[in-house]
Amino acid sequence: MFLESLSLSQFRNFPSAVITPGKTVNIISGANGSGKTSLIEAIYCLGFGRSFRPGTYRQLIRNDESQFTVFARVTEQDGRKHQVGYQRNTTGEVQLRIDHAKEKRFSALARLVPVQLMTPESIELVLGGPKVRRQFIDWGVFHVEHSFYSDWVGFSKLLKQRNSLLKMKRFHQEHQYWDEKFSEFGERIHQHRTKYIEAFLPVLKQRLVSFLPDYEFDFYLRSGWDKEIRLCDALVKHREQDLRYGHSTVGPHKAELKILANGEEVKNLLSRGQLKLLVAALKLVQGEYLQQQTGVQCIYLVDDITAELDSVSQEKFCGALVASNSQVFVSAINGDDVHAQLKTKDTKMFHVEHGTVKEQ
Ligand SMILES: Nc1ncnc2c1ncn2[C@@H]1O[C@H](COP(=O)(O)OP(=O)(O)OP(=O)(O)O)[C@@H](O)[C@H]1O
């Protein structure tokens, strides 16, 4: 996939802006506070339906305005073209459109705009709690295995219902029905994740040999319940605990991806720069794996990533980014510096100034 055009209206500090990006590397330069991250954020919103920055959706709407719109023309690898639009107003009302028709599900937009984001905060993927790593895996499974989404939606509803019963201590009468459904969906989610991780890891390990050759990496996917037993049995085992806490303490919503380097937790062993390189590898390879499995190329959004990377690491990362042959948006204060780092002529340069953007 790649964006042929991107239009913003009343988004952050942009009253309106239109760009026609190139199919590969796009560099977005500008001073602090000019709007580089906002441009990247607008693309991310098409792929995730929300921002990656803290705050509410209201902050995405330009001050004193009533709604923002992000619109893009997208081309699939086989040449099929689509138009996607996302609008949100101050009361929270959302309007999604695909090819002029109203669309209710963000997931439909997400399929057409598969984005991978790399920012300095992406290091949370290895430093943060299990939720970020679950989201990482689920992004991959969602784009590779289309039946995952309905299982995931089904499980999320069941989890909510089960938790509200547990909270009201009404679980005793109805537990059998909920536990059966919960286990059925929960086991399927774990199977999807396991299948994905088993196939994804060899590709990742290969990349890590070149990115971080001094370490031997191991990855373990924990299901979210006791090893060696089925989820339905784990639910019985933990029922008293669930009633005491008022929520479901076991299930795929508690899954974790453990990442070890030379047998140690990566966050205890690797430096910040090395952790960044590990995260870069995880995200790059997730895109590569998506292409390998489905032929779909993702769009990489890179906000100020090379900070804290030494020249050798920068070279490895930039080389892999360019070699992916995917559409890439890179933001930087000085566009020429990034252009030199990326070492490719096939680049479009955009300059952002006070919420306006011009192709250079
Ligand atoms: N809702 C809004 N309405 C108007 N302006 C906003 C809104 N939200 C943020 N801004 C402003 O938009 C500007 C652009 O922010 P952005 O983070 O995109 O800049 P940047 O170019 O990435 O800066 P830096 O290089 O410092 O990271 C900031 O000055 C910010 O105060």
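What comes next is a walk through the structure. (Residues numbered from 1 in each chain as written. Predicted model: local features only at pLDDT ≥ 70, side-chain atom pairs only at ≥ 80, totals over all residues.)

Here is a general trend for soluble globular proteins: nonpolar side chains tend to be buried in one another's company. Of all hydrophobic cores here, the largest spans 73 residues; its most connected members are Ile43, Leu278, Ile299 and Leu301. Broken down by element, this core gets its largest block of residues, 11 residues, from helix α10 (residues 272–294). Each residue touching leucine 301, except ones within four places of it in the same chain, is listed here: Ile40, Ile43, Tyr44, Val115, Gln116, Leu117 and Phe329. Core analysis: the next-biggest nonpolar cluster, separate from the first, contains 10 residues, Phe182, Ile189, Ala234 and Leu235 among them. (Core = buried A, V, L, I, M, F, W, Y, C linked by C-beta atoms within 7 Å. Buried ≥ 20, exposed ≤ 12 C-beta atoms within 10 Å, placed from the backbone. Helix = DSSP H or I, 4+ residues; strand = E, 2+ residues; numbered from the N terminus. Contact = placed C-beta atoms within 7 Å.)

What follows deals with the packing of helix α4 (residues 130–144) against α10. Taken N-terminus to C-terminus, the directions of α4 and α10 make an angle of 15°; their axes are 10 Å apart at the nearest point. Looking at the two axes, α4 sits roughly parallel to α10. Classified by chirality, the crossing of α10 by α4 is right-handed. Where α4 approaches α10, its residues Phe136, Gly140, His143 and Val144 are matched on the opposing element by Leu282, Gln286, Tyr289, Leu290, Gln293 and Thr294. Of the residues belonging to the contact of α4 with α10, the class tally is five nonpolar, five polar and no charged. (Axes fitted to C-alpha atoms, helices over the stretch in contact; angles between N-to-C directions. Parallel < 35°, antiparallel > 145°, perpendicular 65-115°, else oblique. Left-handed = near helix turned anticlockwise from the far one by under 90°. Nonpolar A, V, L, I, M, F, W, Y, C, P; charged D, E, K, R; others polar.)

Quick look at the pairing of strand β4 (residues 67–75) now. Only one face of β4 is covered, namely the face carrying Phe68, Val70, Ala72 and Val74; the face carrying Gln67, Thr69, Phe71, Arg73 and Thr75 is uncovered. Sheet analysis places strand β1 (residues 2–11) next to β4, joined by seven bridges and oriented antiparallel. Within β4, the position partnered with leucine 6 by the bridge is alanine 72. (Pairing = 2+ DSSP bridges.)

To continue, consider the site of the ligand. The immediate surroundings of the ligand are formed by 15 residues, with Asn13, Asn32, Gly33, Thr37 and Ser38 found nearest. Of the residues contributing to the shell around the ligand, the split by class is two nonpolar, 10 polar and three charged. (Near = placed C-beta within 6 Å.)

Within the chain, aspartate 64 stands out as a residue other than glycine whose phi angle is a positive 70°. With respect to the secondary-structure elements, aspartate 64 resides in the loop between α1 (36–48) and β4. With a phi angle near 70°, glutamate 228 is a residue other than glycine that sits in the positive phi range. In this fold, glutamate 228 is placed in the loop between β9 (217–222) and α7 (231–237). What makes glutamate 228 exposed here is the crowd of 5 C-beta atoms within 10 Å.

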